[in-house]
Amino acid sequence: MLLCDFHIHTKYSDGSVELRRTIDLFGQAGFDVVAITDHVVNGDSPIGKLAHRFRLTVGVENFDAYISHIRQEAERALQKYGMLVVPGVEISKNYLSSEKSAHILLIDITEFVPACWSYEKILLAAKEQNALTVACHPHHMSDMSKNTLFLWNNRDKYARYIDAWEIANRDDVFNVISLKKYPYIANSDFHKTRHLYSWKTLLNCEKNIDSIKRCIRHNKGVAITLFRN
Ligand code: ZN
Ligand code: ZN
């Protein structure tokens, strides 16, 4: 099975490790597939504005450079490690209220999607690009300061637009996802080197982006594992 991590941050947003070093860490650890998913933060709230001020977000102005840098690293990763690297973002709608906030991975993205758009508009734009949509850390987390509950609380309306839900994120497991029988994956939400050791996804499919998206959307041949040193 393919060892995968679809939720990884670098210095393009609030990660502490440069993109190239991040690729080498995952490549040397034997991963088959990773997605780089730096934050695209909304600018329409006080906490969102702070992220922009401190450059902790990818924006429309550097999106193309970000994607082409990932593609360049992807070529190197394929040759050096046989590892598939997929460009993505984490749309991060941050508000003071957890009930209004949500984070969404758009994996295999090609065009910029602003985080200040409505949830519906963002998810439809992702579908148009055939990007994989993943609801991140959708329930209460052990780190209580940053719960993102909007999508879970409004799942009856939004589940149809979401390809998979994070059933586990770093050290947290969200049992409620399995109760609803939604498609699931598990990711590190990598920001620091030590986050390499965390929940991961195993996929029983070919190592190419179309097979991977199909496997996750159909939720067949998907398993999760706790990757430890
Ligand atoms: Zn997040
Ligand atoms: Zn994240």
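Look a little higher up for the structure.
From a predicted model like this one, the values you see are computed outputs, not experimental measurements.

**Notes on the overall build of the protein**
Looking only at helices and strands, the protein has eight helices and 10 strands in total. In terms of overall dimensions, the protein is globule-like: its C-alpha atoms have a radius of gyration of 16 Å, near the 17 Å expected for 229 residues. Dimensions of the protein along its principal axes, counting C-alpha atoms only, are 45 × 40 × 35 Å. The buried share among the 229 residues of the protein stands at 57%. Measuring between centres, the 29 positive side-chain charges of the protein sit 2 Å from its 26 negative side-chain charges.

**Brief notes about the coordination of the zinc ion (ligand 2)**
Summarising the metal site, the zinc ion (ligand 2) is bound by the protein donors His-7 (NE2), His-9 (NE2), Glu-90 (OE) and Asp-189 (OD), whose distances to it range over 2.1 to 2.2 Å. Coordination at the zinc ion (ligand 2) is irregular: its four donor atoms span angles of 83 to 173° at the metal. In primary-sequence terms, the residues that donate to the zinc ion (ligand 2) follow H-x1-H-x80-E-x98-D. Taken as a pair, the zinc ion (ligand 2) and the zinc ion (ligand 1) lie 3.4 Å from each other and share Glu-90 as a ligand. In this pair, His-9 sits in the loop between strand E1 (2-8) and helix H1 (19-28) while Asp-189 sits in the loop between strand E8 (184-187) and strand E9 (199-203), placing the two residues 180 residues apart along the sequence. For the pair shown, His-9 and Asp-189 are each scored as buried.

**Some points on the state of the cysteines**
Linking two cysteines covalently via their sulfur atoms produces the bond known as a disulfide. Summed over all chains, the structure comprises zero disulfides. Distance from the sulfur of Cys-116, which forms no disulfide, to the nearest cysteine sulfur (Cys-136) is 18 Å. For Cys-116, a relative accessible area of 44% gives the class partly exposed. Lacking any disulfide linkage, Cys-215 is separated from the closest cysteine sulfur, that of Cys-205, by 4.2 Å. Judged by its relative accessible area of 6%, Cys-215 falls in the buried class.

**Topic: the coordination of the zinc ion (ligand 1)**
The protein atoms that coordinate the zinc ion (ligand 1) are Glu-90 (OE), His-103 (ND1) and His-137 (NE2), at distances spanning 2.1 to 2.2 Å. Here the donor residues for the zinc ion (ligand 1) map to a single chain with the spacing E-x12-H-x33-H.

**Notes on the packing of H1 against helix H3 (residues 63-81)**
Axes are the key here: two packed helices are described by the angle between their axes and the distance separating the axes. Where H1 meets H3, the closest approach of the two axes is 10 Å, and the angle between their N-to-C directions is 30°. The pairing of H1 with H3 is recorded here as roughly parallel in orientation. As for how H1 packs across H3, the hand of that crossing is right-handed. Residue-level inspection shows Leu-19, Arg-20, Ile-23, Asp-24, Gly-27 and Gln-28 of H1 in contact with H3, the latter providing His-69, Ile-70, Glu-73, Arg-76, Ala-77, Lys-80 and Tyr-81. Along the lines of polarity and charge, the residues of the contact of H1 with H3 split into five nonpolar, three polar and five charged.

**Examining unusual backbone geometry**
In this model, Asn-130 sits at a positive phi of 60°, which is unusual for a non-glycine residue. Backbone geometry at Asp-189 places phi at a positive 55°, although glycine is not the residue there. A relative accessible area of 2% means that Asp-189 is categorised as buried.

Thresholds applied
Residues numbered from 1 in each chain as written. Chains lettered and ligands numbered in written order. Predicted model: local features only at pLDDT ≥ 70, side-chain atom pairs only at ≥ 80, totals over all residues. Heavy atoms only, no water. Helix = DSSP H or I, 4+ residues; strand = E, 2+ residues; numbered from the N terminus. Rg over C-alpha atoms; globule rule 2.2 N^0.38 Å. Buried < 20%, exposed > 50% of the residue type's maximum accessible area, 1.4 Å probe, protein only. Lys, Arg positive; Asp, Glu negative; His and termini not counted. Charge placed at Lys NZ, Arg CZ, Asp CG, Glu CD. Donors = N, O, S within 2.8 Å, 3.2 Å for Na, K, Ca; no water. Tetrahedral: all angles 85-135°; square planar, octahedral: opposite > 155°, others 65-115°. Disulfide = S-S within 2.5 Å. Axes fitted to C-alpha atoms, helices over the stretch in contact; angles between N-to-C directions. Parallel < 35°, antiparallel > 145°, perpendicular 65-115°, else oblique. Left-handed = near helix turned anticlockwise from the far one by under 90°. Contact = heavy atoms within 4.5 Å. Nonpolar A, V, L, I, M, F, W, Y, C, P; charged D, E, K, R; others polar.

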